[in-house]
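A closer look at the structure
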Amino acid sequence: YGSIYDEVAEDTQYRLSTGEVVDQTTYPKIPHMKSEQARLLTFSAWPSDAPVRPRSLAQAGFYHLGQSDLVQCFCCGGKLSQWDDGDDPWDEHGAHWPNCFFVLGHDVGNVPLLD
Ligand SMILES: [Zn+2]
């Protein structure tokens, strides 16, 4: 008890103290939505006339907040709505939140759907 050396925490602390990295320990911001399956399930009331499909949004890290076409990223917490024809969720995500760790491809615990 209490004797396990936390190498990851030590390393993060060191790199933080040297300014090498920003703090990743607060990500993902919405951990219970890190599973693509969980995100997909939130789209039950997704407007049928929305030009973007729930599967594409879930793959890009988004889940539905239940009102209009408002979605949120499980990792950075960024919110997007008013989707237009031809919008690509990944492109929009990266355009608005280029520093999102999920967008950057960091391991933030995302659990993709298995096809
Ligand atoms: Zn994000």
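Side note on the environment of Asn99
Take Asn99: it is sitting in the segment after α4 (89-96). Spatially, the C-alpha atom of Asn99 lies 8.5 Å from that of Cys76, the residues being 23 residues apart in sequence.

Here's the deal with the coordination of the zinc ion
Donor atoms from the polypeptide that bind the zinc ion are Cys73 (SG), Cys76 (SG), His93 (NE2) and Cys100 (SG), placed at 2.1 to 2.3 Å. Geometry at the zinc ion is tetrahedral, judged from its 4 donor atoms and the angles of 99 to 119 degrees they form at the metal. Mapped onto the polypeptide sequence, the residues donating to the zinc ion form the spacing pattern C-x2-C-x16-H-x6-C. Of this pair, Cys76 sits in the loop between β2 (71-73) and β3 (79-80) while Cys100 sits in the segment after α4, placing them 24 residues apart in sequence.

What to know about the packing of aromatic side chains
For the structure on display, the rule yields 5 aromatic pairs. On the numbers, 4.9 Å between centres and 80 degrees between planes, the contact of Tyr27 with Phe101 is edge-to-face. Of this pair, Tyr27 sits in the loop between α1 (7-17) and α2 (36-41) while Phe101 sits in the segment after α4, placing them 74 residues apart in sequence. By relative accessible area, which is 7% here, Phe101 ends up buried. Grouping aromatic residues by their ring pairs yields a cluster made of Phe74, Trp90 and Phe102.

What to know about the sheet that holds β2
Taken together, 3 strands build an open sheet; the order of strands is β1-β2-β3 and the sheet is antiparallel. Of all strands in the sheet, those with a lone pairing partner are β1 (62-64) and β3, marking the two edges.

Procedures and definitions
- Residues numbered from 1 in each chain as written.
- Predicted model: local features only at pLDDT ≥ 70, side-chain atom pairs only at ≥ 80, totals over all residues.
- Heavy atoms only, no water.
- Helix = DSSP H or I, 4+ residues; strand = E, 2+ residues; numbered from the N terminus.
- Donors = N, O, S within 2.8 Å, 3.2 Å for Na, K, Ca; no water.
- Tetrahedral: all angles 85-135°; square planar, octahedral: opposite > 155°, others 65-115°.
- Phe/Tyr/Trp six-rings, centres within 6.5 Å; stacked < 30°, edge-to-face > 60°.
- Buried < 20%, exposed > 50% of the residue type's maximum accessible area, 1.4 Å probe, protein only.
- Pairing = 2+ DSSP bridges.

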